[in-house]
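Structural overview for review
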Amino acid sequence: MNIRYTDDKCFTQLQVQDLFRSVDWISADYPQRLMKALNQCETVFTAWDDEKLVGLINAIDDGELTAYVHYLCVRPEYQKQGIGKELLSLIKDKYKDYLYLILIAENRSVVNFYEKCDFQKADGTSVMEIINQERGSYEA
């Protein structure tokens, strides 16, 4: 297997939707909004097996101090092959001069992965959110 990594946003809506569906993420239910969001992000790295999109990571940043890793997903059949680690490495390298590189890990297995990639839990923090369910079906 020869995985190719790129940052040129050369993916289609269908490829992105298929990748996000493979990991059961609700964002796949909003393909137009997902594409718009990814295209507006400063940073998106993708992993390809020939013409198949097998992984993606993106970050949102303020241009100087703080970057937030938003998505990191790898197709289940490609997991545990170093693809997620390589995508994360690309992000860490791009933002190496920033003061903060922040992400939210949603379950213990993901926390373990990020800890192995040099992230640590931030003391005294809590994840806060507002879910706008009524706006969730909007397709622009």
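Residues numbered from 1 in each chain as written. Predicted model: local features only at pLDDT ≥ 70, side-chain atom pairs only at ≥ 80, totals over all residues. Heavy atoms only, no water.

Here we take up the overall build of the protein chain. In terms of helices and strands, the protein chain carries four helices and five strands. Reading the helices (α) and strands (β) of the protein chain from amino to carboxyl end gives β-α-α-β-β-β-α-β-α. Relative to a compact globule of 140 residues, whose C-alpha radius of gyration would be 14 Å, the protein chain shows 15 Å and is just as compact. Along the first, second and third principal axes, the C-alpha set of the protein chain runs to 45 × 40 × 30 Å. The contacts of the protein chain with a sequence gap of at least 6 include a subset with a gap of at least 24, amounting to 62%. (Helix = DSSP H or I, 4+ residues; strand = E, 2+ residues; numbered from the N terminus. Rg over C-alpha atoms; globule rule 2.2 N^0.38 Å. Contact = heavy atoms within 4.5 Å.)

Helix length check: helix α3 (residues 83-94), at twelve residues, gives a terminal C-alpha distance of 17 Å against a target of 16 Å (1.5 Å per residue), a fit within 8%. Every buried residue of α3 is listed here: Ile-83, Gly-84, Leu-87, Leu-88 and Ile-91. Across the axial projection of α3, the buried residues extend over an arc of 135 degrees, all falling on one side. (Expected span 1.5 Å × (residues − 1). Buried < 20%, exposed > 50% of the residue type's maximum accessible area, 1.4 Å probe, protein only. Arc of directions from axis to C-beta.)

Counting residues in each nonpolar core, the largest one holds 21 residues, and the members touching the most others are Ile-57, Ile-83, Leu-87 and Ile-91. Among the elements of the structure, β2 (43-49), β3 (52-61), β4 (66-74) and α3 are those that each provide at least two residues to this core. (Core = buried A, V, L, I, M, F, W, Y, C linked by side-chain atoms within 4.5 Å.)

Turning our eyes to something else, we now look at the environment of Tyr-100. Its place among the elements puts Tyr-100 in strand β5 (residues 100-102). Its relative accessible area of 47% is what places Tyr-100 among the partly exposed residues. Expressed as a C-alpha distance, the spacing of Tyr-100 and Tyr-68, which sit 32 residues apart in the sequence, is 8.3 Å. Discounting residues that sit within four places of it in the chain, Tyr-100 has contacts with Leu-65, Thr-66 and Ala-67.

Quick look at the sheet that holds strand β1 (residues 3-6) now. Taken in spatial order, the five strands make up an open sheet running β1-β2-β3-β4-β5, and their pairing is mixed. With one partner strand each, in any of the chains shown, β1 and β5 form the two edges of the open sheet. Each adjacent strand pair in this sheet contributes to an overall mean axis angle of 20 degrees, direction not counted. Pairing of β2 with β3 involves seven bridges; the strand directions are antiparallel. Residue pairing in the sheet places Ala-47 in a bridge with Gly-55 of β3. Sitting on the sheet, helix α1 (residues 13-22) is in contact with β2, β3 and β4, with an inclination near 90 degrees to β3. (Pairing = 2+ DSSP bridges. Axes fitted to C-alpha atoms, helices over the stretch in contact; angles between N-to-C directions.)

The subject of this paragraph is the packing of aromatic side chains. One pass over the full model with this rule turns up four aromatic pairs. Consider the rings of Phe-20 and Tyr-71, whose centres lie 4.8 Å apart with planes at 90 degrees: the pair is edge-to-face. Taken as a pair, Phe-20 in helix α1 and Tyr-71 in strand β4 lie far apart in primary sequence, 51 residues in all. No difference in accessibility class separates Phe-20 from Tyr-71, as the two residues are buried. An aromatic cluster of three or more residues is present, and its members are Phe-20, Trp-25 and Tyr-71. (Phe/Tyr/Trp six-rings, centres within 6.5 Å; stacked < 30°, edge-to-face > 60°.)

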